[in-house]
Amino acid sequence: MQNDEVTWFSLNHGFCSFKVKTKTQTFCRNDYNVTGLCNRVSCPLANSLYGTVMEDKGQCYLHLKTIERAHMPRQLWEKVKLSKNLNEALKQIDSEMQGVYPAHQINRCKQRLTRIRQGFIK
């Protein structure tokens, strides 16, 4: 993905409004960022294949970004409603992302879902 590399080079070496630098690390404030870290793998702007889990009004959603929708910014992210049952939601993430998205991206989405669910419990 040549375009992803050009985008990342521009964001990393130039200006990114989501980037926050500290003495030890660089963070990302983009809502779609899975890890919160500013790096090539975690950047939702520099990856044409990207997925994340977000919570809206007590309901979790899987947001998926694919290359095919890049020419339509308004429809760039597909929103999939996840089940309230944690095991079913994890299976949904697997079924939606399997075969298209990298394994590390799937695992990060599952971790984020678990973290969000733990926040609901507290």
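Whatever comes next refers back to the structure up there.
Residues numbered from 1 in each chain as written. Predicted model: local features only at pLDDT ≥ 70, side-chain atom pairs only at ≥ 80, totals over all residues. Heavy atoms only, no water.

Structural notes on helix α3 (residues 103-121)
Thought 1: Over its 19 residues, α3 runs 27 Å from end to end, which matches the ideal 27 Å to within 8%, given 1.5 Å per residue.
Thought 2: Among the residues of α3, those classed as buried are Q105, I106, C109, R112, L113, I116 and R117. Angular distribution of buried residues about the axis of α3 spans 135 degrees; they occupy a single face of the element. Those residues of α3 that are exposed and angled more than 90 degrees off the buried face are A103 and I121.
Thought 3: Taken together, the buried residues of α3 touch β3 (50-56), β4 (59-65) and α2 (86-97). (Helix = DSSP H or I, 4+ residues; strand = E, 2+ residues; numbered from the N terminus. Expected span 1.5 Å × (residues − 1). Buried < 20%, exposed > 50% of the residue type's maximum accessible area, 1.4 Å probe, protein only. Arc of directions from axis to C-beta. Contact = heavy atoms within 4.5 Å.)

Here's the deal with the pattern of salt bridges
Thought 1: Scanning all chains against the criterion turns up 3 salt bridges.
Thought 2: Measuring nitrogen to oxygen at the nearest pair gives 3.1 Å for the salt bridge that ties E5 to R40. In this pair, E5 is assigned in helix α1 (residues 2-13) and R40 in the loop between β2 (26-28) and β3, connecting sequence segments 35 residues apart.
Thought 3: Overall, E5 belongs to the partly exposed group, its relative accessible area being 42%. (Salt bridge = Lys/Arg side-chain N within 4 Å of Asp/Glu carboxyl O.)

Observations concerning the packing of aromatic side chains
Thought 1: Using the criterion set out here, one finds 2 aromatic pairs in the structure.
Thought 2: Judged by centre distance (4.1 Å) and plane angle (10 degrees), the rings of Y32 and W77 are stacked. Here the residue Y32 occupies a position in the loop between β2 and β3, and W77 occupies one in strand β5 (residues 77-81), the gap between them amounting to 45 residues.
Thought 3: Pairing Y50 with W77 gives two aromatic rings, centres 6.2 Å apart and planes at 90 degrees, and the pair type is edge-to-face. Of the two residues, Y50 sits in strand β3 while W77 sits in strand β5, which places them 27 residues apart along the sequence.
Thought 4: Site record: aromatic cluster; members linked through ring pairs are Y32, Y50 and W77.
Thought 5: Lying across the ring of Y61, K79 places its NZ or CZ 4.3 Å from the centre. (Phe/Tyr/Trp six-rings, centres within 6.5 Å; stacked < 30°, edge-to-face > 60°. Lys NZ or Arg CZ within 6 Å of the ring centre and 35° of its normal.)

Details of the side chain of S48
Thought 1: As for its placement among the helices and strands, S48 is situated in the loop between β2 and β3.
Thought 2: Only 3.0 Å separates the side chain of S48 from the side chain of D4, close enough to count as a polar contact. (Polar contact = N/O pair within 3.5 Å; in protein donor to acceptor, adjacent residues only side chain to side chain.)

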